[in-house]
Amino acid sequence: MQDALAATATADLADRSIDELSGGQKQRVWIALTLAQGTPLMLLDEPTTFLDLAHQVEVLDLLAELNEAEDRTIVLVLHDLNLACRYAHHIIAMRDGAVVIEGSPVQVITPDTVREVFDLEAQIIPDPLSGTPLVIPVPGAHRPR
């Protein structure tokens, strides 16, 4: 358990009630709990919700490290397409509970997919740091469902 607390920077929260924690602290504690279980598969629903950008990247870096170093399979729901592209090996895009497309970020994150799934016009350019798709929404081009 101590390794999980250290990995998520939550050791200082160990003696506090979950009800006393901020949204971001709760997210990190929930991830620590899943790490402490030591399972080879982690299923996470929006693990970056309520986290500021620095903590989002910190959590996703940690999950990427666990995937690589410990060969853990990590399945997570993310609505931030740019972070999903940067961290995911495989993306499944869904709309209304149905799979629209799945594959690598380059295969999935296209203007057509963004339009179909989110009713949003967007340009997709290579991320200058990672080379993965970077979604640039076209201002005023959202089509209500």
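**Remarks on empty space enclosed by the protein**
The tally for this structure, following the rule as stated, stands at 1 cavity of 30 Å³ or more. Of the voids in this model, the largest cavity is the one considered here, and its volume is about 30 Å³. Lining the largest cavity are Ala7, Thr8, Arg28, Glu58, Val59 and Leu62. In terms of residue count, helix α3 (residues 53–69) provides more of the lining of the largest cavity than any other element does, 3 residues in total. Across the lining of the largest cavity, the residue classes tally to 3 nonpolar, 1 polar and 2 charged.

**A few points about the packing of helix α2 (residues 23–37) against α3**
Relative orientation of the contacting elements α2 and α3 amounts to 10°, with a least axis distance of 12 Å. The pairing of α2 with α3 is recorded here as roughly parallel in orientation. In this structure, α2 contributes Arg28, Ile31 and Leu35 to the contact, and α3 contributes His55, Val59, Leu62 and Leu66.

**Some remarks on the layout of surface pockets**
For the largest pocket, the calculated volume is near 960 Å³. Along the wall of the largest pocket there are 31 residues; nearest its centre are Leu76, Leu78, His90, Ile91 and Ile92. Counting residues per element, the ones that place at least two in the lining of the largest pocket are α3, β2 (73–77), α4 (81–87), β3 (91–95) and α6 (111–118). Residues belonging to the lining of the largest pocket are distributed by class as follows: 21 nonpolar, 6 polar and 4 charged.

**Points about the pattern of salt bridges**
A side chain with one charge can pair with a side chain of the opposite charge if their charged atoms come near. According to the stated counting rule, one finds 7 salt bridges in the structure shown. The salt bridge partner of Asp112 is Arg115, with a shortest N-O separation of 2.7 Å. Of this pair, Asp112 and Arg115 both sit in helix α6, 3 residues apart, which is roughly one turn of the helix. The exposure class of Asp112 is exposed, given its relative accessible area of 52%. In this structure, Arg115 and Glu121 form a salt bridge, with 2.8 Å as the shortest nitrogen-oxygen distance. Given a relative accessible area of 22%, Glu121 falls into the partly exposed group. When salt bridges that share partners are traced, they join Arg95, Asp96 and Asp119 into one network.

Here is what the cut-offs are and how they apply
Residues numbered from 1 in each chain as written. Predicted model: local features only at pLDDT ≥ 70, side-chain atom pairs only at ≥ 80, totals over all residues. Heavy atoms only, no water. 1 Å grid on protein atoms, 1.4 Å probe; cavity = no way out; pocket = protein on both sides within 12 Å on 5 of 7 lines; lining within 4 Å. Points joined across faces, edges and corners; volume = space filled by probe spheres on them. Helix = DSSP H or I, 4+ residues; strand = E, 2+ residues; numbered from the N terminus. Nonpolar A, V, L, I, M, F, W, Y, C, P; charged D, E, K, R; others polar. Axes fitted to C-alpha atoms, helices over the stretch in contact; angles between N-to-C directions. Parallel < 35°, antiparallel > 145°, perpendicular 65-115°, else oblique. Contact = heavy atoms within 4.5 Å. Salt bridge = Lys/Arg side-chain N within 4 Å of Asp/Glu carboxyl O. Buried < 20%, exposed > 50% of the residue type's maximum accessible area, 1.4 Å probe, protein only.

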